[in-house]
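# Secondary and tertiary structure notes
As a plain string of letters, each chain reads:
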Amino acid sequence: MRVPALLLIMLTAACAGPPAPLQQVMGPSEGPTGGAIRLAGEGEFTASDTSAIAYDRKLAPKGAQGSAHVESADGKTRTTLVVEGLLPNRHYGAHLHDKPCGKKPEEAGPHYQHTAGEVSAASEVWLDFTTDGEGAGRSTARNDWVLDPAKLPGSLVIHAKATKTSGPEVGTAGDRVACLTLKKVS
């Protein structure tokens, strides 16, 4: 299993200069529950484990893996996705979804929306990324709202195409390729 390699990539990327976690940038958190909300999901994408599942082995080959982290506090939500082992030099879409991953792609439900019915990068979490020559990629989204503790996203879904940013299909990103179930962490 290559999870230690993913951890090394994440630590290396963190040392390269991405912003510090929200709790360090903003100090003590004051979310709707008086504290930060943290969600995480990670693992190697398999054909059967719904904590990290591959739906399309052509676009998420055997050995591909991912790690997603969401931190919501003090009026902001920051979501980070790190992947490796996907197809090299390819653009993928990625979004938070309402429900945990399931055996079938549609079981993760629709995109998580902060404002119900609003399809936009301001209301949803869009994490499109392009992989490098090794199939690794990283994306971070920052939103100016906190997660509702009564309605947390259940998963992060990687899609086959870039997210459409305009027109009648705004917010769509093609078929679901892989999924990470998100769980609350302390």
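Model, not experiment: these values are computed from the prediction. (Residues numbered from 1 in each chain as written. Predicted model: local features only at pLDDT ≥ 70, side-chain atom pairs only at ≥ 80, totals over all residues. Heavy atoms only, no water.)

## Details of the overall build of the chain
Applicable threshold: A run of DSSP states H or I qualifies as a helix once it reaches four residues; a run of E qualifies as a strand once it reaches two. Both are numbered from the N-terminal end. Categorising residues by exposure relies on relative accessible area from a 1.4 Å probe, with only protein chains included: less than 20% of the type maximum marks a residue as buried, more than 50% marks it as exposed, and the intermediate range marks it as partly exposed. We call two residues contacting when some pair of their heavy atoms lies within 4.5 Å. Throughout, the Shrake-Rupley method with a 1.4 Å probe supplies accessible areas, and for residues the shown protein chains are the sole cover considered.
Secondary structure summary: the chain contains 2 helices and 10 strands in total. Among the 186 residues that make up the chain, the fraction classed as buried is 46%. Restricting the contact set of the chain to residue pairs at least 6 apart, pairs at least 24 apart contribute 70%. Looking at the chain as shown, the accessible area adds up to about 8,900 Å², and 55% of this sits on carbon and sulfur atoms.

## A closer look at the state of the cysteines
Filter applied, for reference: Note on terminology: disulfide denotes any pair of cysteine sulfur atoms within 2.5 Å.
In the structure shown here, the tally under the stated rule is 1 disulfide. The disulfide that involves Cys101 links it to Cys179, with 2.0 Å between the sulfurs. Where Cys101 bonds to Cys179 through sulfur, the torsion about that S-S bond is close to -90°, and the disulfide is left-handed. Linking Cys101 in the loop between strand E5 (91-97) and strand E6 (129-130) with Cys179 in strand E9 (residues 176-181), this pair joins segments that are 78 residues apart in sequence. Its relative accessible area of 8% is what places Cys101 among the buried residues. Using a relative accessible area of 0% as the deciding quantity, one classes Cys179 as buried.

## A word on the packing of aromatic side chains
In plain terms, the rule: Stacked, tilted and edge-to-face pairs are distinguished by plane angle, under 30 degrees for stacked and over 60 for edge-to-face with tilted covering the rest, among Phe, Tyr and Trp rings (Trp via its six-membered ring) whose centres lie within 6.5 Å.
Under the counting rule described, the total for this entry stands at 2 aromatic pairs. Relative to Phe129, the ring of Tyr92 lies with its centre 5.3 Å away and its plane at 15°, an arrangement referred to as stacked. Of the two residues, Tyr92 is situated in strand E5 and Phe129 in strand E6; the sequence distance between them amounts to 37 residues. With relative accessibility at 0%, the residue Tyr92 sits in the buried group.

## Details of unusual backbone geometry
One non-glycine residue, Asp74, adopts positive backbone phi at about 50°. When its relative accessible area of 35% is taken as the criterion, Asp74 is described as partly exposed. Backbone geometry places Asn89, a non-glycine residue, at a positive phi of 50°. Checked against the element boundaries, Asn89 lands in the loop between strand E4 (76-84) and E5.

## Digging into the sheet that holds strand E1 (residues 37-44)
Inclusion rule: We treat two strands as partners when DSSP finds at least two bridges between them. Simply put, an axis is a line fit to the C-alpha atoms, just over the touching stretch for a helix, and the angle between two N-to-C directions goes from 0 to 180 degrees.
Strands sit in the order E7-E4-E3-E1-E10 across an open sheet of 5 strands; the sheet is antiparallel. Looking at which strands have only one partner, the edges of the open sheet turn out to be strand E7 (137-143) and strand E10 (183-185). Looking at each pair of strands side by side, their axes are set apart by 20° on average, direction ignored.

## A word on the sheet that holds E9
Strand order in the open sheet formed by 5 strands is E2-E9-E8-E5-E6, with antiparallel pairing between adjacent strands. Both outer strands of the open sheet, strand E2 (52-54) and E6, are each paired with one neighbouring strand and no more. Here E5 pairs with strand E8 (residues 155-159) via 5 bridges, running antiparallel. Bridging from a neighbouring strand, Leu96 pairs with Leu156 of E8.

What is shown is where atoms sit, not what they do.
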